[in-house]
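# Report on the structure
The residues making up each chain are set out below.
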Amino acid sequence: MKRHLNTREGLAGRLRAAAGAGLLCASVGLLAGCGSDSLTVVSWGGSYAEACRRAQFDPFAAESGVEVLLESYNGGLAQIRAQVDTGSVHWDVVDLEFADLARGCDEGLFELVDIDQLPPAPDGTPARDDFFEGTVSACGGGGLYYSTVFAYNDESFPGEPPSRIGDFFDLEEFPGRRGMRRSALVNLEMALMADGVPPEEVYATLSGPDGVDRAFRKLDTIKDEVVWWDAGAQPPQMLADREVAMSTAYNGRIFTAQTVDRQPFTIVWDGQVLDYGQFAIVAGTPNLEAAMDFLKFASRVENMAAVGRYIAYSPTRRSAMDLISTHFESGIDMRPHMPNAPENLGRALQSDWQWWTDHAEEMNERFSAWLAR
């Protein structure tokens, strides 16, 4: 497996080509007069996409005159790979989980982005020094922290409620169906933490001789009670309908259900899997200049922080954290609800995108076979 992007042959040449293509437009700021009148941005739908629309997509359109056409997907590289391989690219910018971004960048599915061309912090700190360590790809721009947690409907547990990741797997003490994403990602990690593996040892355990088997054995204990979900909007709906008693979910989706929809949900932060993502430009897009300008716009500190006014996801730039304020609708202070808030990190696991870049194909095949049994 090639290791991350910057070592790929042709990097310097591709950066020079990209810079040359965008030179004229960059000299006049955003895109007025540069040819593109629309840009297709692919995101995750639901309350998250709505937050990005308010904080980034609509403001970009207003500033640039380029209409943002929003489409939704459930992640992965298959659709992107098909477009690039056939030369029929109709997605311009895609919002990706970082492991997929790293793998796709290695495969040449995304355009390279020179981090030194991204906007500096308000005090002039270069972008490369302002992003938190490890949150930047050679093909990415913008970026947010999010977390996979588990949550429950308070009405399902009138007595002592769940409080630790092990409770999610305890059907005897906490009966009821469970919701889980139809993916090996996160499920393996949560299974091991529920089985007693400390967060800091999860990936070493997965890399050991029995680690993956151990994770699947733990998943076996609840498999018959799992309702599988694919889209981030599904867990809040399943909890609201009492289809499940608990579900893994993205923390921001549960926050929105709690505050906007007034749902009686509780997030359990113990065993959360913290991750981050970025926007990337699909290789071969006919709207390269517009896409590059969007990435620069989405990488501005104030625009990264603005998403956190609408959903509980936090920016991956240090200076942007200082701009986190209140929820636009409820007025709630957003800082305690962010996945990387100190009080939420007690037994958190930082997702290891390098491990998943190396093992995703194998794990996904094994997970599919396990589901089919």
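Computed from a prediction, not measured in an experiment: that's the story for all the values here.

Another aspect to go through is the packing of aromatic side chains. Enumeration over the complete set of coordinates arrives at 26 aromatic pairs. Ring plane angle 55° and centroid distance 6.0 Å describe the contact between Phe-132 and Tyr-145, whose orientation is recorded as tilted. One end of the pair, Phe-132, is in the loop between helix H5 (127–130) and strand S4 (140–153); the other, Tyr-145, is in strand S4, and 13 residues separate them in sequence. What links up through ring pairs into an aromatic cluster is the set Tyr-48, Tyr-146, Trp-229, Tyr-250 and Tyr-313.

Here we take up the pattern of salt bridges. Applying the stated criterion across every chain yields a total of 17 salt bridges. Across the pair Arg-128 and Asp-116 runs a salt bridge, and its minimum N-O distance is 2.9 Å. A residue pair is termed long-range when its members are at least 10 positions apart, and Arg-128 in helix H5 and Asp-116 in the loop between helix H4 (98–106) and H5 qualify at 12 residues. One connected set of salt bridges, linked through shared partners, spans Glu-50, Arg-53, Arg-54 and Asp-58.

This part covers helix H11 (residues 251–259). Burial within H11 is extensive, with 8 of its 9 residues counted as buried. When we look at burial in H11, the residues that qualify are Asn-251, Gly-252, Arg-253, Ile-254, Phe-255, Thr-256, Ala-257 and Thr-259. In the core, the buried residues of H11 are packed alongside helix H2 (46–64), S4, helix H10 (234–240), strand S7 (246–250) and strand S8 (265–281).

So, on to the side chain of Gln-56. Within the fold, Gln-56 resides in helix H2. A distance of 3.2 Å separates a polar atom in the side chain of Gln-56 from the backbone oxygen of Asn-303. In this structure Gln-56 touches Phe-279, Phe-297, Ala-298, Asn-303, Met-304 and Val-307, once residues within four positions along its chain are discounted.

Cut-offs used in this document
- Residues numbered from 1 in each chain as written.
- Predicted model: local features only at pLDDT ≥ 70, side-chain atom pairs only at ≥ 80, totals over all residues.
- Heavy atoms only, no water.
- Phe/Tyr/Trp six-rings, centres within 6.5 Å; stacked < 30°, edge-to-face > 60°.
- Helix = DSSP H or I, 4+ residues; strand = E, 2+ residues; numbered from the N terminus.
- Salt bridge = Lys/Arg side-chain N within 4 Å of Asp/Glu carboxyl O.
- Buried < 20%, exposed > 50% of the residue type's maximum accessible area, 1.4 Å probe, protein only.
- Contact = heavy atoms within 4.5 Å.
- Polar contact = N/O pair within 3.5 Å; in protein donor to acceptor, adjacent residues only side chain to side chain.

Just distances and angles here, no functional claims.
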